[in-house]
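Notes for the structure review
The residues making up each chain are set out below.
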Amino acid sequence: MNIVQACGVVAKGKGNAILVSTMLSMFIFDRIEGADGNASLVPTIGGMTGLVLGLGVAKAKSLVGIAPSAAAQVSAPGRINSVPLMGGAAGLGLGLALAKPKRKVIVMDGDASLLMELGSLATVAAQKPTNLLHCVVHNGTQFTGLDNMEIPVADFRFSKVAGEAGYKHSERISDGAQWAERFPALLAMEGPVFVELMVEPVPRQTKDGFEHEEMPDRQFTRMAEEALAMQAWLALDQT
Amino acid sequence: MDIARYSISATCAAAALQRNRVDHVVTVPDWVQLALHDRLNKGVDGIAVISCSNENQVVTVAAGLTIGGKRPLVMMQNQGLYNCFNTLRAISLDARIPMVFMVGQFGREFENIGRPAIQSRRTMVRIAEPFLRAVDVPFYCLDMEADMAKMDVAFEQAEAERTAVVLLVSAPMAWR
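Residues numbered from 1 in each chain as written. Chains lettered and ligands numbered in written order. Predicted model: local features only at pLDDT ≥ 70, side-chain atom pairs only at ≥ 80, totals over all residues. Heavy atoms only, no water.

Another point: a nonpolar patch on the surface. Together, Met1, Trp31, Leu34, Phe110 and Trp175 of chain B make up a nonpolar patch on the protein surface, roughly 590 Å² of accessible area in all. In this fold, Trp175 of chain B is placed in the segment after strand 6 (164-169). (Patch = residues over 30% accessible without salt bridge, like charges linked within 9 Å, V, L, I, M, F, W, Y side chains within 5 Å. Areas by Shrake-Rupley, 256 points an atom, 1.4 Å probe, with all protein chains shown as cover. Salt bridge = Lys/Arg side-chain N within 4 Å of Asp/Glu carboxyl O. Helix = DSSP H or I, 4+ residues; strand = E, 2+ residues; numbered from the N terminus.)

The next subject is the pairing of strand 4 (residues 99-104) of chain B. Successive residues of a regular strand alternate their side chains across the two faces of the sheet. Residues and elements named next belong to chain B. Of all six residues that make up strand 4, six are buried, and the element is covered over most of its length. Alternating residues of strand 4 divide into Met99, Phe101 and Val103 and Val100, Met102 and Gly104, and every residue in both groups is buried. For strand 3 (residues 72-77) and strand 4, the ladder comprises four bridges, and the chain directions are parallel. When the bridges of strand 4 are listed, Val74 appears paired with Phe101. Pairing of strand 4 with strand 6, which is carried by six bridges, proceeds in the parallel orientation. Pairing of Gly104 across the sheet is with Val169, part of strand 6. (Buried < 20%, exposed > 50% of the residue type's maximum accessible area, 1.4 Å probe, protein only. Pairing = 2+ DSSP bridges.)

To continue, consider the sheet that holds strand 4 of chain B. Residues and elements named next belong to chain B. Here six strands make up an open sheet; going across it, the order is 2-1-3-4-6-5 and the pairing parallel. In the strand order of this sheet, the two ends are held by strand 2 (48-51) and strand 5 (139-142), each with one partner. Strand-to-strand twist across the sheet, computed as the mean angle between neighbouring axes with direction ignored, equals 25°. Alignment of strand 1 (residues 24-27) against strand 2, held across four bridges, turns out to be parallel. From the neighbouring strand, Val25 faces strand 2, where its bridge partner is Val49. (Axes fitted to C-alpha atoms, helices over the stretch in contact; angles between N-to-C directions.)

And the structure:
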């Protein structure tokens, strides 16, 4: 599957679940949810054609959409991004799941991020959060879509390790259509549930003569705004 | 060296946690605070203990709890604080999620207790206060039982300034 399929299925099907994301998924969620937070128009089709089409529709949607509010410039209130903090998503998701046991929590982790905090699988499993769906985007690369550097162990079996750590259910999914079909059942399942999504890397951009662009301030400040927005959103929660 | 003079009892520390309405202690255990860990593990009303695989997870789990409306406190030792500084930077300095840490001065030689920690011959002890000053994290030293009142100040400050506040536990806690 491609990354638009991996994230699109979550964006379209998460309902009022809390979403914790890492950097690559954050960029994709930003694009496919857009200013209105509605991912329904973005097609989730496999292969390179599907990737280009999905991102193209997301871009077109953002161009014709209404001017984003200040909140939408951060992300939808139900999403917080562990950025810039590699390895933090599982812990954040666990804390949220324990604080809000009647709400579903989805973690969209990255393979390099999870390798940094592999022990978080044991930490999560020990707490047995029944409302946690922990997904990892396994594309075997870091700086995906930029330089695509290989992660230390490209064929690491995250789903196997999660199962050994004590997750209630774990599986690996490679096909986008299967992911779309399985997602509602996996989200409804008693957790902690772990899903390893085998995702094709986005093609690299770097080559001789490539020039870096400065990272915007927003990338370093948005998590504070997201935390405040989510805190306010969850404070209204009666469940 | 009369350590007892500087030892905070587990009873007093647990009472401070309850007084501050702490509902979760998130931790990688600390030798200095073993008596409090033992007390918490035996059960203190209203306080759940979450043990993590490392200190980075302690900070992120506590952050998730805070965003979800809970009131956690994190416990670790000085080595763990150094280990998780990038996570503390992201969560409490950049994302401005309030957090109170109790950090044991693990490795402190007994003859240094009651004296300035910066005079310790053990690196992990000597650098704690200069490190926290350098990284703009407010801290207070818990040098004796009366200092447990500083936990109240730490929670107020962490929430008012949306930052991390560290309480450095100077001496091994008393098992009473």
